[in-house]
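# Examining the three-dimensional arrangement
Each chain, written out:
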Amino acid sequence: MLFSIAEIPTPQEQLKFLKHIQQILQSGTFTSTYKFALLISITRLAIEQGQDTGAVLHLDYQDIAEKFIDLYWKQSLPFQFNQYEPFTIHQSTGKQAKIISEIQKAQQQFETLAALRKDVLYWNRLKRAVATTVKQMPVVYLQNLNGQTIEFLYSLEDSKQSLKLLPKVMYCLRQFSEIIEELCQKRWIDFVRLNKQNLVVLDGLPDLDEFMFAPSRNQLGKVADFLIDVQQCQCFYCGKSLKNSKYAVDHFIPWSLYPADTGHNFVLADEKCNSQKSNYLASEQFLQQWQERNYLHDQSIVREISQLGFLTDLQRSHRVADWAYKQAIENEYLVWLDGKDKHILGV
Ligand SMILES: [Zn+2]
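Just so it is clear, the structure is predicted and the values come from calculations on it, not from any experiment. (Residues numbered from 1 in each chain as written. Predicted model: local features only at pLDDT ≥ 70, side-chain atom pairs only at ≥ 80, totals over all residues. Heavy atoms only, no water.)

Right, let's get into the overall build of the protein. When you go through the protein residue by residue, the secondary structure sums to 15 helices and nine strands. What you see for the protein is a C-alpha radius of gyration of 21 Å, in line with the 20 Å of a compact globule of 347 residues. Overall size of the protein, expressed as C-alpha extent along the three principal axes, is 60 × 55 × 40 Å. By residue count, 52% of the 347 residues in the protein fall in the buried class. When contacts within the protein are restricted to residue pairs at least 6 apart in sequence, long-range pairs at least 24 apart make up 73% of them. Both charge centroids of the protein, one from 37 positive and one from 39 negative side chains, sit 4 Å from each other. (Helix = DSSP H or I, 4+ residues; strand = E, 2+ residues; numbered from the N terminus. Rg over C-alpha atoms; globule rule 2.2 N^0.38 Å. Buried < 20%, exposed > 50% of the residue type's maximum accessible area, 1.4 Å probe, protein only. Contact = heavy atoms within 4.5 Å. Lys, Arg positive; Asp, Glu negative; His and termini not counted. Charge placed at Lys NZ, Arg CZ, Asp CG, Glu CD.)

Another aspect to go through is the environment of Glu-7. Residue placement: Glu-7 occurs in the segment before helix H1 (11-26). Placed 47 residues apart in sequence, Glu-7 and Gly-54 show a C-alpha to C-alpha distance of 5.0 Å. Those residues within four positions of Glu-7 in sequence are excluded, and the remaining contacts are Gly-54 and Lys-168.

Time to look at the UniProt feature "domain: HNH nuclease" (unreviewed entry) in the protein. Within the UniProt annotation, "domain: HNH nuclease" (unreviewed entry) is assigned to residues 222-275. The span residues 222-275 is 26% helix and 19% strand, and its two end C-alpha atoms sit 21 Å from each other. (UniProt positions renumbered as here; feature names shortened; annotations may be inferred.)

Describing two packed helices takes the angle between their axes plus the distance from one axis to the other. Interaxial distance between helix H4 (residues 98-109) and helix H6 (residues 120-136) falls to 10 Å at its minimum, and their mutual angle equals 170 degrees. Taken together, the axes of H4 and H6 lie roughly antiparallel to each other. Contacts between H4 and H6 involve Lys-98, Ile-99, Glu-102, Ile-103, Lys-105, Ala-106 and Gln-109 from the first element and Tyr-122, Leu-126, Ala-129, Val-130, Thr-133 and Val-134 from the second. Its residues assigned to classes, the contact of H4 with H6 comprises eight nonpolar, two polar and three charged. (Axes fitted to C-alpha atoms, helices over the stretch in contact; angles between N-to-C directions. Parallel < 35°, antiparallel > 145°, perpendicular 65-115°, else oblique. Nonpolar A, V, L, I, M, F, W, Y, C, P; charged D, E, K, R; others polar.)

A separate point is the pairing of strand S8 (residues 334-338). Of the strand pairs in this sheet, strand S7 (residues 281-282) and S8 are connected by two bridges, and their pairing is parallel. Bridge pairing in S8 links Ala-282 to Trp-336. With four bridges connecting them, S8 and strand S9 (residues 341-344) associate as antiparallel partners. For Val-335, the partnering residue across the bridge sits in S9 and is His-343. Here S8 folds back onto S9, and the loop between the two strands holds two residues, one of which, Gly-339, carries a positive phi near 50 degrees. (Pairing = 2+ DSSP bridges.)

With respect to the secondary-structure elements, Ser-92 resides in the loop between helix H3 (61-76) and H4. Here the side chain of Ser-92 touches Gly-94 through a polar contact of 3.2 Å, landing on its backbone nitrogen. One polar contact links the side chain of Ser-92 to the main-chain carbonyl oxygen of Lys-95, over a distance of 3.3 Å. Leaving out residues up to four positions away in the same chain, Ser-92 has contacts with Thr-31, Ser-32, Ala-97, Phe-191, Asn-195 and Gln-197. (Polar contact = N/O pair within 3.5 Å; in protein donor to acceptor, adjacent residues only side chain to side chain.)

What follows deals with the packing of aromatic side chains. Taken as a whole, this structure holds 17 aromatic pairs when the rule is applied. Relative to Tyr-72, the ring of Tyr-34 lies with its centre 6.3 Å away and its plane at 85 degrees, an arrangement referred to as edge-to-face. In this pair, Tyr-34 is assigned in helix H2 (residues 34-49) and Tyr-72 in helix H3, connecting sequence segments 38 residues apart. Since its relative accessible area comes to 4%, Tyr-34 is described here as buried. (Phe/Tyr/Trp six-rings, centres within 6.5 Å; stacked < 30°, edge-to-face > 60°.)

To continue, consider the coordination of the zinc ion. Distances from the zinc ion to its protein donors, Cys-235 (SG), Cys-238 (SG), Asp-270 (OD), Asp-270 (OD) and Cys-273 (SG), fall at 2.2 to 2.7 Å. Read from N- to C-terminus, the donor residues coordinating the zinc ion fall into the pattern C-x2-C-x31-D-x2-C. Placement of Cys-238 in the loop between helix H12 (220-230) and strand S5 (247-251) and of Asp-270 in strand S6 (residues 266-270) is noted, with a sequence separation of 32 residues between them. Taking the relative accessible area as the measure of exposure, Cys-238 reaches 35% and is therefore partly exposed. Residue Asp-270 is classed as buried on the basis of its relative accessible area of 9%. (Donors = N, O, S within 2.8 Å, 3.2 Å for Na, K, Ca; no water.)

What follows deals with a positive patch on the surface. Together, Lys-240, Lys-272, Lys-340 and Lys-342 give the surface a local cluster of positive charge. Secondary-structure assignment places Lys-240 in the loop between H12 and S5. Assessed through its relative accessible area of 52%, Lys-240 is described here as exposed. (Patch = residues over 30% accessible without salt bridge, like charges linked within 9 Å, V, L, I, M, F, W, Y side chains within 5 Å. Areas by Shrake-Rupley, 256 points an atom, 1.4 Å probe, with all protein chains shown as cover. Salt bridge = Lys/Arg side-chain N within 4 Å of Asp/Glu carboxyl O.)

As a general point, the strands of a sheet are linked pairwise by backbone hydrogen bonds and lie either parallel or antiparallel. Taking strand neighbours across the sheet as the criterion, the three strands line up as S7-S8-S9 in an open arrangement whose pairing is mixed. Lying at the two open borders of the sheet, with one neighbouring strand each, are S7 and S9.

Have a look at this one:
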């Protein structure tokens, strides 16, 4: 990561940036879903590795590859649908996208992403292979708008070793991440739905978006078993005993703000607090409590929750939180205090 002091983009420049994103997503020349994955990946990395300045940001292709594997892992698993045989979504209009085939090969050997990560040799080899495809395909074509190339995210010429985001791009990606995520996911789902090779099984299917993008629920029971010890059987927010009440694993930084699972982001809340907090950020007091919890239990969180297939990286989680609370202050989001009380941060 290299930073230099650089001015943040003007409102006009920010609007122009958004228009370009929209144009990219509207251009009908996509032959695979890689472009969506690339846009989402660089946006998430700008949040995790960047800051709110107009500086350039160098992104390692291996880190981008890791985000691709995260995004495609669940989507590469066979999808069980009604009376049909399990079916793998086609992510390309031609033959299956190469990255999917590579991930599926890994899935034959490793049941979970966690197990795969633990095999360092295999994991690094897969990352390198994915990085090569990312470099050769979507990085080259992302900025093509109907035959014209507009280099507004990065210069291809300068991005041979690492992807070098142009000045002010990191800032815009962080500023507009929720919009970019949502647009990309919607277009990605549309692409999959309209791909003729998927039509047979997916026509009119209601829960495709959930299959493709919703948080994976199947390990959360085990996350809860671990957190109940960490939190001494108390609700993270109100402190009441969880012994005789229903509880749920809550994303401390809401999924709607940052749609990726990371181990340190999970807390256990009783049903009431969980539903009242809903998609809101929690108050600064809870932020502090969460950060302290993470420092105190970092080792066991890393040990236990990464076993269950989640990425666990305290620094990364806290950088995402820094970004989220700064966004909340700048944009006057309501944050949840407790019960039905909410207030505007920073006012
Ligand atoms: Zn509670």
